[in-house]
Amino acid sequence: MKEETIKYLLDEEAHAFKGWDFSYLKGRWINEELPWNYNYFVKKYLKASDNILDMGTGGGELLLSFNHPYDKTSVTEAYEPNIKLCLEKLAPMGIKVYPIKQDDILINVKDNYYDIVLNHHESFLESEVKRVLKEGGLFITQQVGAYNNNDLATFFDENHQIQFPKMTLDKTVERLENEGFEIIYKDEYFPKIKFMDLGAIAYFAKIIEWEFINFSVKDSIEKFEVLEKMLNEKGYIESTEHRFMIIARKIDNKE
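Below or above, wherever it landed, is the structure these notes cover.

### Remarks on the nonpolar core
- Phe156, Phe195, Ile201, Phe212 and Phe224 are the most contacted members of the largest nonpolar core, which has 26 residues in total.
- When contributions to this core are tallied by element, the ones reaching two or more residues are helix H6 (150–156), strand S8 (192–195), helix H8 (198–207) and helix H9 (221–234).
- Ranked by residue count, the leading element in this core is H8, at 8 residues.
- Counting 22 residues, the second-largest nonpolar core is a separate cluster that includes Val132, Leu133, Ile246 and Ala248.

What follows is the structure, given as structure tokens:
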């Protein structure tokens with residue numbers, strides 16, 4: 001591999017430390033659409049009178065797109081920079097912000113209060129979701145599944161191990177049903193993702209460190225040489241993602 005190509009890959013890897021912003025890959029990757037639409041389902045079930053909780057809201061970008069009354073909206077966030085952003089941006093609007101230490105432990109969030117709990121790619125405990133929902137309340141979640149990018153991660157590391165084996169549709173449905181939820185909707189899909197240049201892969205793999213464990217360009221030069229040949233032949237490098245969607249209703253109040 002040419003020295004300038006290696007330098008380019010190292011620069012892309014270093015760029016990944018600057019933050020969680022996939023807009024950097026715009027035009028450099030293609031994501032296959034899912035057979036469902038998370039936003040559609042939220043808007044379908046959301047009523048203006050509902051008290052809602054958005055778990056792991058980030059900066060509230062997706063949440064605000066639903067135009068829900070601010071005084072009936074609450075959010076949780078565990079990542080310190082995002083907590084600061086929520087307190088500066090969302091709290092002045094009248095949105096209740098719950099800073100938490102752990103994504104799935106909803107410290108100080110009210111019991112039996114919310115009509116809908118939203119969760120887009122955030123970890124959760126079924127018991128905690130149940131605790132904060134009203135009787136008959138809905139849990140609407142889209143999740144990144146256990147096998148996300150397993151093929152590409154295994155290409156870089158033949159000893160790669162799935163880190164979250166319980167994150168599949170069937171296992172999550174079983175946990176929710178055991179916790180006293182009725183499943184209204186469920187689906188699972190393995191969309192393809194295509195990277196159009198090697199640098200996009202270096203950037204992506206460095207950020208997604210729980211999938212590409214201990215990844216470094218320096219230790220992967222031979223792998224990138226193989227990918228370079230594939231890219232020249234096909235015009236892209238493909239990986240397989242894993243997504244599932246669940247809508248569940250709380251149907252009992254057992255402890």
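### Description of the sheet that holds strand S6 (residues 133–144)
- Strand order in the open sheet formed by 7 strands is S4-S3-S2-S5-S6-S10-S7, with mixed pairing between adjacent strands. Of all strands in the sheet, those bounded by a partner on one side alone are strand S4 (96–99) and strand S7 (181–189). Ignoring which end each strand starts from, the neighbouring axes of this sheet average 15 degrees apart.
- Strand direction decides the pairing type here: S7 and strand S10 (residues 243–250), joined by 8 bridges, are antiparallel. By the bridge assignment, tyrosine 185 is partnered in S10 with isoleucine 247.
- Those strands touched by helix H2 (residues 38–45) are strand S5 (114–120), S6, S7 and S10, and its axis lies near 170 degrees from that of S6.
- Sheet contacts for helix H7 (residues 169–178): S6, S7 and S10; angle to S7, the most-contacted strand, approximately 170 degrees.

### Remarks on empty space enclosed by the protein
- Scanning the model with the defined rule gives 1 cavity of 30 Å³ or more in all.
- Put simply, the largest cavity is a space of about 40 Å³.
- Lining the largest cavity are Leu63, Leu64, Asn67, His68, Tyr70, Thr73 and Ile95.
- In terms of residue class, the lining of the largest cavity is made up of 4 nonpolar, 3 polar and no charged.

### Some points on the pattern of salt bridges
- Summed over all chains, the structure comprises 12 salt bridges.
- Measuring nitrogen to oxygen at the nearest pair gives 2.8 Å for the salt bridge that ties arginine 28 to glutamate 12. Within this pair, whereas arginine 28 is found in the loop between helix H1 (3–15) and strand S1 (29–31), its partner glutamate 12 is found in helix H1, the two being separated by 16 residues in sequence. Both residues of the pair, arginine 28 and glutamate 12, belong to the buried class.
- Between arginine 131 and aspartate 111 there is a salt bridge, with its nearest N and O atoms 2.5 Å apart. Separated by 20 residues along the polypeptide, arginine 131 in helix H5 (residues 126–132) and aspartate 111 in the loop between S4 and S5 bring together distant segments of the chain.
- With relative accessibility at 47%, the residue aspartate 111 sits in the partly exposed group.
- Within this structure, Glu12, Arg28 and Asp197 form a network of salt bridges that share partners.

Procedures and definitions
- Residues numbered from 1 in each chain as written.
- Predicted model: local features only at pLDDT ≥ 70, side-chain atom pairs only at ≥ 80, totals over all residues.
- Heavy atoms only, no water.
- Core = buried A, V, L, I, M, F, W, Y, C linked by side-chain atoms within 4.5 Å.
- Buried < 20%, exposed > 50% of the residue type's maximum accessible area, 1.4 Å probe, protein only.
- Helix = DSSP H or I, 4+ residues; strand = E, 2+ residues; numbered from the N terminus.
- Pairing = 2+ DSSP bridges.
- Axes fitted to C-alpha atoms, helices over the stretch in contact; angles between N-to-C directions.
- Contact = heavy atoms within 4.5 Å.
- 1 Å grid on protein atoms, 1.4 Å probe; cavity = no way out; pocket = protein on both sides within 12 Å on 5 of 7 lines; lining within 4 Å.
- Points joined across faces, edges and corners; volume = space filled by probe spheres on them.
- Nonpolar A, V, L, I, M, F, W, Y, C, P; charged D, E, K, R; others polar.
- Salt bridge = Lys/Arg side-chain N within 4 Å of Asp/Glu carboxyl O.

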